[in-house]
Amino acid sequence: MTLKSLLSKLFPPLHGPALYAALAGAAVLCVFLFFALHALPPRARKVAIGAATFLAGLFYALEWFWPADSAGNNPMTFAVPTVGNVANVLTAFTLGLGVMSLIRIHGNNVIRQRASWENSLVLLLGMVTMAVSGLFFDKSMFFRSLFRDVLNSFDAAMFATLAFYIISAAYRAFRIKSVEATLMMAAALIVMLGMIPLGQFLTSSLPANGSFTSIFRLDNISNWMLTNLNGAAQRAINFGLGIGALAIALRVWLSLERGAFFESTPE
Amino acid sequence: MDHASNSWPVALLVTLWSLVIVATVKMAQRGRKFYIRRIPGLNAIDEAVGRATEMGRPILMVPGIGLIGVIVMQALSIFSYITKTAAQFGNRILLPTGGDNGPAIYTIADEVMRDTYASVGRAEAYDPDSVRFISDRQFAFAAGVAGLIHREKVAASFLFGEFYAEALIFAEAGQAVGAIQIAGTTQTTQIPFLIASCDYTIIGDEYYAATAYISREPTLLGSLAGQDIAKAIIWLLVLMGTIGLTITAMNYGAAEATKAFFLSRWLTPK
Amino acid sequence: MNRTHWTQRIDPRWLYLILLALVIIGLLVPIPLPLIIGPQTRALYDAVEHAPADKLAILCTNWSASTQGENRPQTEVILRHLMRRKVRIALMAWEQQSTNLARELVEELAPEYGYVYGRDWINWGYRAEANGTLKGMVLDIRDTFKTESHTRIALTDLQRLPVMAGVRNTKDVGLIIEISAAGTYKNWIQFVIGSTPAKFGYGPTSVMAPELYNYIDAGQMAGMMFGIKGAAEYEHLLIEDGTLKKPGFTTKAIAPISLALVLLFVLIGLGNYGMIATRKMERDA
């Protein structure tokens, strides 16, 4: 018997009242677990959290290491979407807490008429209007207009501000203060010139390829720099980041860290 | 589908790296000392907190808009160390969260900050409004944080985590109010913007070294030493690959070299 | 006394104003500029041109209104190319907004090429979690999405959705393209590419481009067009092959970008001149 068929037998699909009863049962169990975890002494709580973390991580580790058949499946692969959904559901529940935080902070601003409380009022009204129209009038012209004309425009406008910020940041920071800075600026100028038609025009009389002189074309130099110099640097950084992520994942999975999260006892 | 059996040599390498990291962590926990080089950006953290104290203005910490995972955890870990210092001096902190996982990050960050204040014996000083969720939309979050920076006139700004286009908006807003800014991100595309706008930027895997550097905790230093050994293994493989492939290409031609050379055959997934 | 050269005291708002003026001029005044097609864009074009016409092509979008200036023209040129070749298209998205924005774009272009929903194209809709979805797609696409996203017709209903005929998993797909403002290419490479004969092409925003060259170099990505410049290059290739009659807005948008970069060069030069002048003033004082 495979793990999949065993689980299907133990937890058959439920419908109607049985489904609601199971949901209610699960909710009660979660509340019980929540209070049980809080009632535990700190040391036992740490062990419980460590064990849960290890088991959760073990699922993905085992799923990866277990040899797969020719279709790319092993006995645990079928459960990957379900475990992913569990994570999604947990994350979705926190949205309520996020909204509570917004309402608490901005509600207090309005009630106590703190500085710029008007902004807080607009935020709360905007949030309620968008939520109500999206939930109950999602086919209406009003909601479509809010989405298309207001949200889309605001999003595009915020992204567009980057162009202005890049201009002022480059003007302020792109200075030839050292050899490294000079090299960086030279590289940036060549890549930028090689990318834009105006820069490409400068060396467009040289042959595109097949000739020695073609290596002096700005678009070719720019492409070479992006593929070879930039590519090598990106790879090196990514190797470091990958190993760094592996290390922190191992520390969390195996509860190797001391004095990190979940340990609030004063040092 | 991604499985170890697609390439057993890769699986072996992952196991080897993991064993090396766990071994060095254990060695460090048993008292072995490891060296860590100077990272100027991280040295400046205390200076930034000190400046905020002198000016009596808040400290901003943004954990990026990435999904819940090791990057966010690392950011919160760094912020926890910053907050320890800030809490002792009575600085106000602001920690806005956003992105698809913004609400989840908010709940974890709130817990971590509360714990951090408690760990320095100042639980009563924690202001629940200091950690706040702003929006799950990238640019609504960007606008919210930029507004916060301008209104609160933050004295120090710490941007650690996964940042995208909003990075420059935060950094330029911080620049406009004269904040001292320290940033670190795993998103290599954003590093040039942060370098242009921030006072200090930590690059690449310095991001993961940050907590070890600030805290000098043996576990983290050991982990860092293990990471270096793992990277040395990669470096050796790259060197062997470059020399081996070049020689193979001379004999078999460039097109056939990757198939003929044993190392590239082993490390290419099925 | 701390004296600085006047160039160091320019209010950034003046710079913003000049930039705004240049962008408007670039859009209004036609400036004929030569456009050299980059090797990455050409490789992407070739991948689409040689994708099997009898197989489904997946067009995944991961952009919102914020980056539509870059990503919308990219999506449009790919759609036009696929539609001209009569390749069946499946839309999917990692972004709530882009599922609607891409759908509107297809609906706008469909009458021109005689594309009918359910027969020539389908929308699998938006999925929040990429890894799980992609792993599922490698095993079974119909089971992963269950229904299309417009009227919730089951993907197994081949009577009403003939576009899904012969499509069981990603092995049955002829081409995968993602137009994106975020790094979801990694998820495709990790979970899908390698297990399917389909080529994988990418349309990122300009700022993302540097991190993608490695994947093209390694052969995991067939090609890419980055930002609006890549879209303009692609548009030129579509004019060459007769898909399009004349250049559209995308090509026009190259002029303001060129002008903005010229402004950047001038400002960098001015900034450095100011720095040297300030140093001299300090020495003299």
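Anyway, here's the lowdown on the structure attached to this text. Given the structure is predicted, the values throughout are model-derived calculations rather than measurements.

**Re the overall build of chain C**
(1) Moving on: Within chain C, the secondary structure is distributed over 11 helices and 6 strands.
(2) Moving on: In terms of principal-axis extent, the alpha carbons of chain C reach across some 85 × 40 × 35 Å.
(3) Moving on: Considering chain C as a whole, with its 285 residues, one finds that 56% of them fall into the buried category.
(4) Moving on: Long-range pairs, those at least 24 residues apart, make up 74% of the contacts in chain C with a sequence separation of at least 6.
(5) Moving on: Where the 30 positive side-chain charges of chain C centre and where its 27 negative ones centre are 2 Å apart.

**Digging into the overall build of chain B**
(1) Moving on: Along its length, chain B carries 11 helices and 6 strands.
(2) Moving on: With the C-alpha coordinates of chain B rotated into their principal frame, the extents come out at 70 × 45 × 35 Å.
(3) Moving on: Expressed as a percentage of the 270 residues in chain B, the buried residues total 59%.
(4) Moving on: Considering only contacts in chain B between residues 6 or more positions apart, those separated by 24 or more positions represent 71%.

**Quick notes on the pairing of strand 1 (residues 56-62) of chain C**
Residues and elements named next belong to chain C.
(1) Moving on: Counting buried residues in strand 1 gives 7 out of 7 residues, a clear majority hidden from the surface.
(2) Moving on: Burial along strand 1 is two-sided: L56, I58, C60 and N62 and A57, L59 and T61, pointing in opposite directions, are all buried.
(3) Moving on: Of the pairings in the sheet, the one linking strand 1 to strand 4 (residues 173-180) comprises 7 bridges and is parallel in character. Across the sheet, the residue bridging to L56 is V173, located in strand 4.
(4) Moving on: Sheet topology places strand 1 next to strand 2 (residues 89-93); 5 bridges connect them, and they run parallel. When the sheet's bridge partners are listed, C60 is paired in strand 2 with M92.
(5) Moving on: Read from strand 1 through helix 3 (residues 68-84) to strand 2, the crossover connection turns out right-handed.

**As for the sheet that holds strand 2 (residues 93-98) of chain B**
All names here are of chain B.
(1) Moving on: Ordered by their spatial adjacency, 6 strands build an open sheet running 3-2-1-4-5-6, and the pairing between neighbours is parallel. The open sheet has two edge strands, strand 3 (131-135) and strand 6 (200-202), and neither has a second partner. Each adjacent strand pair in this sheet contributes to an overall mean axis angle of 15°, direction not counted.
(2) Moving on: In the sheet, strand 2 pairs with strand 3 via 4 bridges, with the strands oriented parallel. Note on strand 3: the bridge partner recorded for L95 is V131.
(3) Moving on: Where helix 8 (residues 206-215) meets the sheet, its contacts fall on strand 4 (156-162), strand 5 (180-185) and strand 6, and the angle it forms with strand 6 comes to roughly 105°.

**So, helix 1 (residues 8-29) of chain B**
(1) Moving on: The terminal C-alpha atoms of helix 1 of chain B, which comprises 22 residues, lie 31 Å apart, in line with the 32 Å expected from a rise of 1.5 Å per residue.
(2) Moving on: Contacts from the buried residues of helix 1 of chain B go to helix 3 (42-65) and helix 9 (218-253) of chain A together with helix 9 (218-252) and helix 11 (262-267) of chain B.
(3) Moving on: Remark: G31 of chain B follows helix 1 of chain B within two positions and exhibits a positive phi of approximately 110°.

**Focus: the interface of chain A and chain C**
(1) Moving on: Listed by partner, the interface residues are 46 residues for chain A and 49 residues for chain C.
(2) Moving on: Of the roughly 4,200 Å² buried between chain A and chain C, counting both surfaces, carbon and sulfur atoms make up 67%.
(3) Moving on: The interface formed by chain A and chain C holds 2 salt bridges in total.
(4) Moving on: Close ionic contact of E104 of chain C with R148 of chain A constitutes a salt bridge, the shortest N to O distance being 3.6 Å.
(5) Moving on: Counting across the interface, chain A meets chain C through 14 residue pairs in polar contact (both at pLDDT 80 or more).
(6) Moving on: Among the elements that take part in the side of chain A that touches chain C, helix 6 (residues 141-173) of chain A stands out by supplying 16 residues, more than any other.

**Observations regarding the packing of aromatic side chains**
(1) Moving on: Tallying each qualifying case throughout the model produces 24 aromatic pairs over all chains.
(2) Moving on: Between F59 of chain A and Y60 of chain A the ring centres are 5.2 Å apart and the planes differ by 80°, which places this aromatic pair in the edge-to-face class.
(3) Moving on: In this structure F59 of chain A comes out as buried when scored by relative accessible area, which is 15%.
(4) Moving on: Note on F159 of chain A and F139 of chain B: the rings are 5.6 Å apart at their centroids and 75° apart in plane angle, and the pair reads as edge-to-face. Taken together, the residues F159 of chain A in helix 6 and F139 of chain B in helix 5 (residues 138-152) connect one chain to another. Neither residue differs from the other here; F159 of chain A and F139 of chain B are each classed as buried.
(5) Moving on: Members of the aromatic cluster, each reached through a chain of ring pairs, are W94, Y185, W188, F200, Y202 and Y215 of chain C.
(6) Moving on: Here R175 of chain A stacks its cationic end above the ring of Y171 of chain A, 5.9 Å away from the centre of that ring.
(7) Moving on: Across from the ring centre of Y213 of chain B, 4.6 Å away, lies the NZ or CZ of R216 of chain B, which sits over that ring.

**Comments concerning the interface of chain B and chain A**
(1) Moving on: Counting from both sides, the interface comprises 65 residues of chain B and, opposite them, 56 residues of chain A.
(2) Moving on: Taken together, the connections running from chain B to chain A amount to 3 salt bridges.
(3) Moving on: Of the charged contacts, one joins R172 of chain A and E172 of chain B as a salt bridge, the two residues approaching to 2.7 Å between their closest N and O atoms.
(4) Moving on: Viewed at the interface, chain A and chain B are joined by 14 residue pairs in polar contact (both at pLDDT 80 or more).
(5) Moving on: Where the side of chain B that touches chain A is concerned, the elements lending two or more residues are helix 1, helix 3 (70-89), helix 4 (102-119), strand 3, helix 5, helix 6 (166-176), helix 7 (191-197) and helix 9 of chain B.
(6) Moving on: Among the elements that line the side of chain B that touches chain A, the one with the most residues is helix 1 of chain B, at 11 residues.

**Structural notes on the side chain of N109 of chain A**
Residues and elements named next belong to chain A.
(1) Moving on: Along the chain, N109 turns up in helix 4 (residues 80-111).
(2) Moving on: At a separation of 3.0 Å, a polar atom in the side chain of N109 contacts the side chain of S120.
(3) Moving on: Among residues more than four places away in sequence, those in contact with N109 are R114, W117 and S120.

**What about the sheet that holds strand 6 (residues 223-224) of chain C?**
(1) Moving on: The 6 strands are arranged 3-2-1-4-5-6 (chain C) in an open sheet whose pairing can be described as parallel. Because the sheet does not close on itself, it has two edges, and the strands there are strand 3 (121-126) and strand 6 of chain C.

**Here's the deal with the pairing of strand 4 of chain C**
Residues and elements named next belong to chain C.
(1) Moving on: The buried fraction of strand 4 amounts to 8 of the 8 residues, a majority that puts the element mostly inside the structure.
(2) Moving on: Pairing geometry for strand 4 and strand 5 (residues 199-204), over 6 bridges, is parallel. By the bridge assignment for strand 5, L175 is matched with K199.
(3) Moving on: The β-α-β motif built from strand 4, the intervening helix 7 (residues 185-191) and the parallel element strand 5 has right-handed crossover chirality.

**Focus: the nonpolar core**
Residue and element names in this part refer to chain B.
(1) Moving on: Within the largest apolar cluster, 50 residues are counted, with the highest numbers of intra-cluster contacts made by I59, M61, F79, M113, F158 and F160.
(2) Moving on: When residues of this core are assigned to their parent elements, the largest contribution, 10 residues, is made by helix 3.
(3) Moving on: Contact partners of I59, with chain neighbours within four places excluded, come to V49, A52, A86, N91, R92, I93, L94, A156 and F158.

**Some points on unusual backbone geometry**
(1) Moving on: A positive phi angle is found at S255 of chain A, which is not glycine, with a value near 50°.
(2) Moving on: Mapping S255 of chain A onto the fold places it in the segment after helix 9.
(3) Moving on: In this structure, R152 of chain C is a non-glycine residue whose phi angle is positive, near 60°.
(4) Moving on: With respect to the secondary-structure elements, R152 of chain C resides in the loop between helix 6 (141-145) and strand 4.
(5) Moving on: Taking relative accessible area as the criterion, R152 of chain C reaches 59% and is therefore assigned exposed.

Reading the values: rules and limits
- Residues numbered from 1 in each chain as written.
- Chains lettered and ligands numbered in written order.
- Predicted model: local features only at pLDDT ≥ 70, side-chain atom pairs only at ≥ 80, totals over all residues.
- Heavy atoms only, no water.
- Helix = DSSP H or I, 4+ residues; strand = E, 2+ residues; numbered from the N terminus.
- Buried < 20%, exposed > 50% of the residue type's maximum accessible area, 1.4 Å probe, protein only.
- Contact = heavy atoms within 4.5 Å.
- Lys, Arg positive; Asp, Glu negative; His and termini not counted.
- Charge placed at Lys NZ, Arg CZ, Asp CG, Glu CD.
- Pairing = 2+ DSSP bridges.
- Right-handed = clockwise from strand over helix to strand, strands pointing away.
- Axes fitted to C-alpha atoms, helices over the stretch in contact; angles between N-to-C directions.
- Expected span 1.5 Å × (residues − 1).
- Buried area = accessible area lost by both parts, 1.4 Å probe.
- Salt bridge = Lys/Arg side-chain N within 4 Å of Asp/Glu carboxyl O.
- Polar contact = N/O pair within 3.5 Å; in protein donor to acceptor, adjacent residues only side chain to side chain.
- Phe/Tyr/Trp six-rings, centres within 6.5 Å; stacked < 30°, edge-to-face > 60°.
- Lys NZ or Arg CZ within 6 Å of the ring centre and 35° of its normal.
- Core = buried A, V, L, I, M, F, W, Y, C linked by side-chain atoms within 4.5 Å.

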